[in-house]
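# Descriptive analysis of the structure
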Amino acid sequence: IDENTGKAVVVRNAFGLPTTPSVLYFNQDGTVIHGQEAKDYYEDGDPEAEAYFKYRMGDPAFETEHYGKNYTAEDLSALLLKGLTAEAEAALGEKIDEAVITVPAYFDNRRREATIRAGEKAGLKVLSIINEPTAAVFAYGINGKEADKTVMIYDLGGGTFDITIARVTEDDI
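Residues numbered from 1 in each chain as written. Predicted model: local features only at pLDDT ≥ 70, side-chain atom pairs only at ≥ 80, totals over all residues. Heavy atoms only, no water.

## Looking at the environment of F138
- You can see F138 is positioned in helix α4 (residues 132–142).
- Along the sequence, F138 and I173 sit 35 residues apart, while their C-alpha atoms lie 7.3 Å from each other.
- Filtering out sequence-adjacent residues up to four positions away, F138 remains in contact with I130 and I173. (Helix = DSSP H or I, 4+ residues; strand = E, 2+ residues; numbered from the N terminus. Contact = heavy atoms within 4.5 Å.)

## Side note on a nonpolar patch on the surface
- Taken together, the side chains of M152, Y154, L156, F161, I163 and I165 define a hydrophobic patch exposed on the protein surface, amounting to about 680 Å² of accessible area.
- Counting only elements with at least two residues in the nonpolar patch, the list comes to β8 (149–157) and β9 (160–168).
- Mapped onto the secondary structure, L156 falls in strand β8. (Patch = residues over 30% accessible without salt bridge, like charges linked within 9 Å, V, L, I, M, F, W, Y side chains within 5 Å. Areas by Shrake-Rupley, 256 points an atom, 1.4 Å probe, with all protein chains shown as cover. Salt bridge = Lys/Arg side-chain N within 4 Å of Asp/Glu carboxyl O.)

## Digging into the pairing of strand β6 (residues 98–103)
- By the alternation rule, side chains of β6 split into A99, I101 and V103, which are all buried, and E98, V100 and T102, of which none is buried.
- With six bridges connecting them, β6 and strand β7 (residues 125–131) associate as parallel partners. Paired with V103 across the strands is N131, a residue of β7.
- Handedness of the crossover is the feature at issue here: the chain leaves β6, passes through helix α3 (residues 109–121), returns alongside β7, and the resulting connection is right-handed. (Buried < 20%, exposed > 50% of the residue type's maximum accessible area, 1.4 Å probe, protein only. Pairing = 2+ DSSP bridges. Right-handed = clockwise from strand over helix to strand, strands pointing away.)

## Structural notes on α3
- Between its terminal C-alpha atoms α3 stretches 18 Å, which fits the 18 Å expected from 13 residues at 1.5 Å a residue.
- Those residues of α3 that sit buried are R111, R112, A114, T115, A118 and G119. Buried residues along α3 cover an arc of 160 degrees about the axis, so they all sit on one side.
- Residues of α3 that are buried make contact with α2 (73–92), β6 and β7. (Expected span 1.5 Å × (residues − 1). Arc of directions from axis to C-beta.)

## Quick word on the nonpolar core
- Residues L24, F53, M57, L76 and I101 are the most contacted members of the largest nonpolar core, which totals 21 residues.
- Elements with a contribution of two residues or more to this core: β1 (23–26), α2, β6, α3 and β7.
- Looking at this core, the element that brings in the most residues is α2, giving five residues.
- Excluding residues within four positions of it along the chain, I101 makes contact with L81, T115, G119, V126, S128, I129 and I130. (Core = buried A, V, L, I, M, F, W, Y, C linked by side-chain atoms within 4.5 Å.)

Everything listed here is a matter of coordinates, which is why it stays silent on function.
Below, the structure is given as structure tokens:
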């Protein structure tokens, strides 16, 4: 929250961008890169890059291997969350140990529980899991809209079409 305006703001990543691709790259020395640089390796077809693992959350049949170590989708998500948390801590200059994590609206309980475990593996206390379109409503509402409105937020991504309808007032969502 911006201290001067009281409005929610996006913490930019290490490249100064507001979004970070959910992609990992495994170096032979054991380090893991996330974000745009990892995405570049993935797009080049490098077998040490991983993407689209969010869609396999909670799937006990999914496992991948890099340099002799096996990873589940939950493990990969934890690595990504660790990287995102480290970037946010660097940008804000403070420790982050709690999070609200967004998930696709279609995630069932098994996938939501796997997401919570991934957050815990990343060293975070997961305060809540909320649907991505619902998170957009909160961001819209938090940013000081003064008029009473009914809003529709839609999420066209990953082969789904999710909609949230919300009433936003000056004091409540």
